[in-house]
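Report on the structure
Here is how the chains run, residue by residue.
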There are 4 protein chains.
Amino acid sequence: MGKTRLEAFSDGVIAIIITIMVLELKVPHGEDARVLLPMIPIFLGYIFSFIMVGIYWNNHHHLFHMVQRINGSVLWANLHLLFWLSLIPVTTGWMQESHFSPLSVALYGVVLLMAGIAWPIMMHILIKIHGYESPLAIAMGKDRKGKLSVTLYAAAIPLAFVSRWIAIGLYIAVAVIWFIPDQRVEKSLPQD
Amino acid sequence: MGKTRLEAFSDGVIAIIITIMVLELKVPHGEDARVLLPMIPIFLGYIFSFIMVGIYWNNHHHLFHMVQRINGSVLWANLHLLFWLSLIPVTTGWMQESHFSPLSVALYGVVLLMAGIAWPIMMHILIKIHGYESPLAIAMGKDRKGKLSVTLYAAAIPLAFVSRWIAIGLYIAVAVIWFIPDQRVEKSLPQD
Amino acid sequence: MGKTRLEAFSDGVIAIIITIMVLELKVPHGEDARVLLPMIPIFLGYIFSFIMVGIYWNNHHHLFHMVQRINGSVLWANLHLLFWLSLIPVTTGWMQESHFSPLSVALYGVVLLMAGIAWPIMMHILIKIHGYESPLAIAMGKDRKGKLSVTLYAAAIPLAFVSRWIAIGLYIAVAVIWFIPDQRVEKSLPQD
Amino acid sequence: MGKTRLEAFSDGVIAIIITIMVLELKVPHGEDARVLLPMIPIFLGYIFSFIMVGIYWNNHHHLFHMVQRINGSVLWANLHLLFWLSLIPVTTGWMQESHFSPLSVALYGVVLLMAGIAWPIMMHILIKIHGYESPLAIAMGKDRKGKLSVTLYAAAIPLAFVSRWIAIGLYIAVAVIWFIPDQRVEKSLPQD
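Residues numbered from 1 in each chain as written. Chains lettered and ligands numbered in written order. Predicted model: local features only at pLDDT ≥ 70, side-chain atom pairs only at ≥ 80, totals over all residues. Heavy atoms only, no water.

Observations regarding the interface of chain B and chain A
Taken residue by residue, the interface counts 41 residues in chain B and 32 residues in chain A. With both chains or domains summed, chain B and chain A bury close to 3100 Å², and 73% of this area falls on carbon and sulfur atoms. The closest approach of N and O atoms between Glu-7 of chain B and Arg-5 of chain A, which form a salt bridge, is 3.9 Å. Inspection of the chain B/chain A interface yields 5 residue pairs in polar contact (both at pLDDT 80 or more). (Contact = heavy atoms within 4.5 Å. Buried area = accessible area lost by both parts, 1.4 Å probe. Salt bridge = Lys/Arg side-chain N within 4 Å of Asp/Glu carboxyl O. Polar contact = N/O pair within 3.5 Å; in protein donor to acceptor, adjacent residues only side chain to side chain.)

Written out as structure tokens, the structure reads:
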């Protein structure tokens, strides 16, 4: 099976997820600067989730660049990842609406954690198909970044009830780790 | 006529359908766990419809992988299928909103039934184009799963008024049948 | 310039237009059949506009199948067509909301008329690029269907104020004319 | 890395942005012409933003037509551009809602300015990858249009508080400059 449609479908879903969040930036009622103030946390939440989804898209792009064949399990592993990503807009929205209440921050972390778990599941299925000596498997290596992310998310969820800012700080830390696109893949790739 | 645009357009529509449903998961008003409780049935409905649409996308992907040429009738048969799939979000939404009232569960079944009928219509048009001895026709075989699904949906619709749980159980049964991607196609395919 | 992205972008916009309309089918409040009754005209409006947009997508698919090269003017002529198509959901919505008031029916006709005018504009630019002796130009011929559609729409707009049903009847007549995909193109095409 | 997915993803996001704006054209309540009057400025705002986003799509299409390879920085530079474009619907909506209040007109200018800055950032990264003697670099030349646009937007933002019409006039002026698709690229391209 070719990977073209999986890529196209994922691009479509991720493009919609990233733009659904902008719908949460509701048109303010009023004409002056005061109506913009309450939009600042909403705007910051939008920027952060935009970057998070952008990171997933970039890594998806890098990963599938090395993929040569897929099967039905990959389709479902990918849908599983997209499922958790699709919950980012609503959980972002609740954080924004509830002024970053501890529970909303924790729930956002749960969604990030589940997406963070869905990612290596898909990667391992792909490595199994391509072989443990394949360029893809070698490029993926020990997936230290992935393991660190999942650990930080798992820590952030209970910590949100101690201080939401610690949790948010950990989410930002994970984003920073991933912001630099996955050098492992890019380096091992021939230019095409 | 090439199948690329039909695939791309279907991917687009299905990607939007699957993400429109997430809009029904409205951002809760409030800060604590109580506001999440009423969202549980909505969330379960979302998971189920996500899987249903995911199954259609996967089967669409598998089917068109074997397709070599299309014509105007295939375009319309595909639009007909997409039409019924496009009604899944609103009927899911009504089930969620009406706390799974019998009528809403039955109506959801009608939409699934019509999509279940639209699928073999498209398949038969494709088989006609490719010939009854084509790999596609052989791979599709007697379409036992398709016929069973339509029968179960047709049974579930009146049964929803006896007990909504029987109907929902039947919908879940069909989903389970299809969850395993169509092995018929995958087995008959050379790796590409 | 290649036509791939123009096709992909148009597929995306048309996929969104066709599914935005489904958002107008608002989730009903209530549990029984009475809440479904007011949805019947909305549902009929949805079916009709779905078919109209489907016709444009099919014809777009057929037309661009023959296109070999494009330029900046084609990009804008295509955006111009997409602009008018993008107004179909809101004008459909107003027809539904105002119970098919004469003005709403006329306005819907204006949008169909403008899309009907945007189509031959794009076609003529494409014919100019490909030459008047090109397969595309020959396949398009005298565009009798296009001219008839524009005439019927232009007649329907004032007639909506005499009787909305005459106007709606004319819209349906045009849809029927186009429902059969453009045989001119399909016949002149070699199978690929 | 191939550019196909970057193009497809951008097409998806831009298609959604351009059609999200149509959701701001809310279905009017009422049956006669009076309910349409307040929609005229909203409609004009829609047309203008549709053209602005259309210009970006066209130029994106032209630019990437010449691109031969990309890297992780290009992915992020492109997401950065899409981020600012994604704010066009909500800022357009606020202009419409606030009857073009000076602050809303200025904020719209800020978004256009930031998108206008994101564009040359991406272009310079691309030129760096392709080399300063590459056809892409030569075709882009001194980017006079880009520099003029940024200057006009930067002037329009404070001028919006003097007179919103001056600012709107400047936005329209920039649109007119860009409306003609980027001749530099088109001329230097061989037909394909």
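Comments concerning the relation of the copies chain B and chain A
In the superposition of chain B on chain A (RMSD 0.0 Å, axial shift 0.0 Å), the rotation amounts to 90°. On the angle and the small slide along the axis, the relation comes out as a four-fold axis. When each C-alpha of chain B is compared by its distance to the rotation axis, Gly-12 of chain B comes out closest, at 4.3 Å. (Least-squares fit on C-alpha atoms with pLDDT ≥ 70 in both.)

Quick look at the UniProt feature "transmembrane region" (unreviewed entry) in chain A
Residues and elements named next belong to chain A. When the UniProt feature table is mapped onto this chain numbering, "transmembrane region" (unreviewed entry) sits at residues 12-29, 35-58, 70-94, 106-129 and 150-180. Overall, residues 12-29 shows 72% helix and 0% strand. The separation of its end C-alpha atoms is 32 Å. Helix makes up 100% of residues 106-129 and strand 0%. Its end C-alpha atoms lie 35 Å apart. (UniProt positions renumbered as here; feature names shortened; annotations may be inferred. Helix = DSSP H or I, 4+ residues; strand = E, 2+ residues; numbered from the N terminus.)

Side note on the side chain of Ser-98 of chain D
With respect to the secondary-structure elements, Ser-98 of chain D resides in the loop between helix H4 (88-97) and helix H5 (102-130). Setting aside residues no more than four positions away along its own chain, Ser-98 of chain D makes contact with Gly-30 and Glu-31 of chain A together with Ser-104 of chain D.

Considering the packing of aromatic side chains
Applying the stated criterion across every chain yields a total of 44 aromatic pairs over all chains. Three or more aromatic residues link up through ring pairs in this structure, and these residues are Phe-43, Tyr-46 and Phe-50 of chain A together with Phe-83 and Trp-84 of chain D. (Phe/Tyr/Trp six-rings, centres within 6.5 Å; stacked < 30°, edge-to-face > 60°.)

Thoughts on the relation of the copies chain A and chain D
The two copies are related by a screw motion: chain A maps onto chain D through a turn of 90° and a shift of 0.0 Å along the axis, at an RMSD of 0.0 Å. An asymmetric contact is evident, with only 2% of the interface residues of chain A recurring at the interface of chain D.

Side note on helix H5 (residues 102-130) of chain A
Look at H5 of chain A: 42 Å from first C-alpha to last across 29 residues, which is about the 42 Å you get at 1.5 Å a residue. Downstream of H5 of chain A by a residue or two, Gly-131 of chain A has a phi angle that is positive, lying close to 95°. (Expected span 1.5 Å × (residues − 1).)

Topic: the arrangement of the chains
In this view chain A stays clear of chain C, with the nearest C-alpha atoms of the two still 8 Å from each other. At the C-alpha level, the nearest point of chain B lies 9 Å from chain D, with no contact between them.

Thoughts on the environment of Ile-88 of chain C
Residue and element names in this part refer to chain C. By the secondary structure assignment, Ile-88 is in helix H4 (residues 88-97). Judged by relative accessible area, which is 0%, Ile-88 ranks as buried. Placed 70 residues apart in sequence, Ile-88 and Ile-18 show a C-alpha to C-alpha distance of 9.1 Å. Contact partners of Ile-88, with chain neighbours within four places excluded, come to Met-21, Ser-49, Val-53, Tyr-108, Val-111 and Leu-112. (Buried < 20%, exposed > 50% of the residue type's maximum accessible area, 1.4 Å probe, protein only.)

Overview of the confidence of the model for chain A
Counting all residues, the mean pLDDT for chain A is 87, and 93% of those residues have values of 70 or more. The complex prediction reports pTM at 0.88, with the ipTM value standing at 0.85. (pLDDT = per-residue confidence, 0-100.)

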